[in-house]
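# Examining the three-dimensional arrangement
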Amino acid sequence: MGLLDKLFGKKETLSPEAEQQKTIERQFNILCDNGVRALKMGEAAMAAPYFENALELCPDNLQVKGYLAEAYLALQDFEKARPILEKLCEAQPDNVETALLLARAQGRTGQYEAMFDTAEKLIAAQADEPRAAYLSAIAAHALHNDIMAIARLTQALTQAEGFRLARRLRAQVLLDMGSVGEALQDTAVLAGCEEADDEDFVLHGKVLTANAQYDEAVTALTQALELNPFYREAFLQMAKTHLAATRTDEALGTLDEAIGQLPDFAEAYQLRGAIKHTLKDEAGAMEDLKKALELKPAIAEKVDGEFSNLENRLNDQARRLNPYGF
């Protein structure tokens, strides 16, 4: 364009290709702006389509891929987030946060070998990153390599003593391995800190029960229920602790209270039915097991044999009492 054209405002003529490119850029920017705005407002479901459409216009834009992965993670759609994060890690191999997100997404989609590899590569590059050691331990535990899991969790806690998730997992793994005394050391730390929550107290109660410290376990589980009166796992563990201490009436009372507060608590009906079965209350056991199955049909896989035996016994009793079916 000449000087006179510029002075008199003559519009520059673009080629069709350049005009099309300008339109694409304009649409891309609008989609990105709308997506970022929605994401900041916490509307991940609204943000994701904007970013998806933006990537159709510009497939190689790493920033938008990062936004889309963030939206998918907020929606807990780990299957969609994982391949995006894999590509981001390939393009940005030194990005620690992206690698950590990838490892989490791999774990949430059951890709534990890939999760372990991602975490171990990150440890090799960032030996002082406790989150990488923690994620490696999660994968190792899922892969039944508990010795490695304990090693990585100990590494994470050496690097960050206050890493409560790592300590909680180490206690659980130690308990699974039968190292109750060592697990108790970790749960005592968790239950004794100011930030202790209902999960910490339940885990502490579980380990105390395994160590035959039943009264102390009940105290810990009571603390969990004081923090969260509707915590199902706390009710179940309380009942199991009473059973371990041969306090059947207290176990039934705990489950009665749980069902009173949570009428849809299938596992409580299941456990109460099992206790009634041991007490020869077969009618009560059948009623509870039927209720458990109505609420959660998947329970049938666990109680099918017991349930069938109870039903057969009740039918036999009914036939003996009334052989003609009146």
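Summarised in this report is the structure supplied together with it. All values derive from a computational prediction rather than experimental measurement.

## Remarks on the overall build of the protein
Along the backbone of the protein there are 18 helices and zero strands. In the protein, which comprises 326 residues, the share counted as buried stands at 41%. For the protein, the proportion of contacts with a sequence separation of at least 24, taken over those separated by at least 6, is 45%.

## A short note on the side chain of Thr254
Tracing the sequence through the fold places Thr254 in helix 15 (residues 248-261). Judged by relative accessible area, Thr254 falls into the buried class, the value being 9%. With sequence-adjacent residues up to four places away left out, Thr254 is seen in contact with Phe235, Met238, Ala239 and His242.

## Notes on the layout of surface pockets
In this structure, the largest pocket occupies an estimated 310 Å³ of space. Around the largest pocket, the lining comprises 13 residues; the ones closest to its centre are Arg168, Leu169, Gln172, Glu199 and Leu203. Every element with two or more residues in the lining of the largest pocket is listed here: helix 8 (130-142), helix 10 (164-176) and helix 12 (198-210). For the lining of the largest pocket, the class distribution of residues is seven nonpolar, two polar and four charged. One number sums up the size of the second largest pocket: a volume of about 220 Å³. Those elements giving two or more residues to the lining of the second largest pocket turn out to be helix 5 (78-91), helix 6 (96-108) and helix 7 (112-125).

## As for the packing of helix 12 against helix 13 (residues 214-227)
The interhelical angle for the contact between helix 12 and helix 13, taken along N-to-C directions, is 165°, at an axis separation of 8 Å. On the basis of the axis angle, helix 12 is roughly antiparallel to helix 13. Crossing angle aside, the handedness with which helix 12 passes helix 13 is left-handed. For the pair helix 12 and helix 13, the contacting residues are Asp198, Phe201, Val202, His204, Gly205, Leu208 and Thr209 in the first and Tyr214, Glu216, Ala217, Ala220, Leu221, Gln223, Ala224 and Leu227 in the second. Class assignment of the residues belonging to the contact of helix 12 with helix 13 gives a composition of nine nonpolar, four polar and two charged.

## So, the pattern of salt bridges
Tallying each qualifying case throughout the model produces 18 salt bridges. Between Arg82 and Glu86 there is a salt bridge; the shortest N-O distance is 3.6 Å. Placement of both Arg82 and Glu86 in helix 5 is noted, with a separation of four residues, approximately one turn of the helix. Judged by its relative accessible area of 29%, Glu86 is partly exposed. A salt bridge links Arg232 to Asp264, with the nearest nitrogen and oxygen atoms 2.9 Å apart. Here Arg232, found in helix 14 (residues 232-244), pairs with Asp264, found in the loop between helix 15 and helix 16 (266-278); they are 32 residues apart in sequence, far enough to count as distant. Owing to a relative accessible area of 43%, Asp264 belongs among the partly exposed residues under this scheme. Taken together, the shared-partner salt bridges connect Arg164, Arg168, Asp197, Glu199 and Asp200 into one network.

## A few points about the environment of Arg164
Relative to the assigned elements, Arg164 resides in helix 10. For Arg164, a relative accessible area of 25% puts it in the partly exposed group. For Arg164 and Asp186, which are 22 residues apart along the polypeptide, the C-alpha to C-alpha distance reads 9.6 Å. With near-sequence residues (within four places) excluded, Arg164 lies in contact with Leu190, Cys193, Glu195, Ala196, Asp197 and Asp200. In this structure the side chain of Arg164 is engaged in a polar contact, spanning 3.1 Å, whose partner is the backbone oxygen of Glu195.

## Observations concerning the packing of helix 13 against helix 14
Relative orientation of the contacting elements helix 13 and helix 14 amounts to 165°, with a least axis distance of 10 Å. On the basis of their axis angle, the class for helix 13 and helix 14 is roughly antiparallel. The crossing of helix 13 and helix 14 is left-handed. Contact residues: Tyr214, Ala217, Val218, Leu221, Thr222, Ala224 and Leu225 in helix 13; Ala234, Phe235, Gln237, Met238, Thr241, His242 and Ala244 in helix 14. Of the residues assigned to the contact of helix 13 with helix 14, the class counts are 10 nonpolar, four polar and no charged.

Each value, and the rule that gives it
Counting restarts for each chain, with residues numbered from 1 along the sequence as it is written. This being a predicted model, a pLDDT of at least 70 is required before a residue's local features are given, and a value of 80 or more before pairs of side-chain atoms are given or counted; all residues contribute to the totals for chains, interfaces and linings. Hydrogens and waters are ignored; side-chain quantities use all the structure's heavy atoms. Strands are runs of DSSP state E lasting at least two residues, helices are runs of H or I lasting at least four, and both sets are numbered from the N terminus onward. To sort residues, take the accessible area from a 1.4 Å probe on protein chains only and compare it with the maximum for the residue type: under 20% means buried, over 50% means exposed, and anything in between is partly exposed. Should any heavy atoms of two residues lie within 4.5 Å, those residues are considered in contact. Residues are called lining when one of their atoms sits within 4 Å of a cavity or pocket point, these points coming from a 1 Å grid over the protein atoms alone, where a cavity is a set in which a 1.4 Å probe fits but cannot get out and a pocket is an open set with protein on both sides within 12 Å along at least five of seven lines. Grid points are joined across faces, edges and corners, and a volume is the space filled by probe spheres set on the points. Classification used: nonpolar for Ala, Val, Leu, Ile, Met, Phe, Trp, Tyr, Cys and Pro, charged for Asp, Glu, Lys and Arg, polar for all others including Gly. The convention used is that axes are lines fitted to C-alpha atoms, helices contributing only their stretch in contact, and that angles between N-to-C directions extend from 0 to 180 degrees. If an angle is under 35 degrees, it is roughly parallel; if it is over 145, roughly antiparallel; if it lies from 65 to 115, roughly perpendicular; otherwise it is oblique. By definition, turning the near helix anticlockwise from the far helix through less than a right angle yields a left-handed crossing, and turning it clockwise yields a right-handed one. Whenever a carboxyl oxygen of Asp or Glu lies within 4 Å of a side-chain nitrogen of Lys or Arg, that contact is scored as a salt bridge. Side-chain atoms alone can form a polar contact between residues adjacent in sequence; in general such a contact is a pair of N or O atoms within 3.5 Å, and within protein one must be able to donate a hydrogen while the other accepts it.

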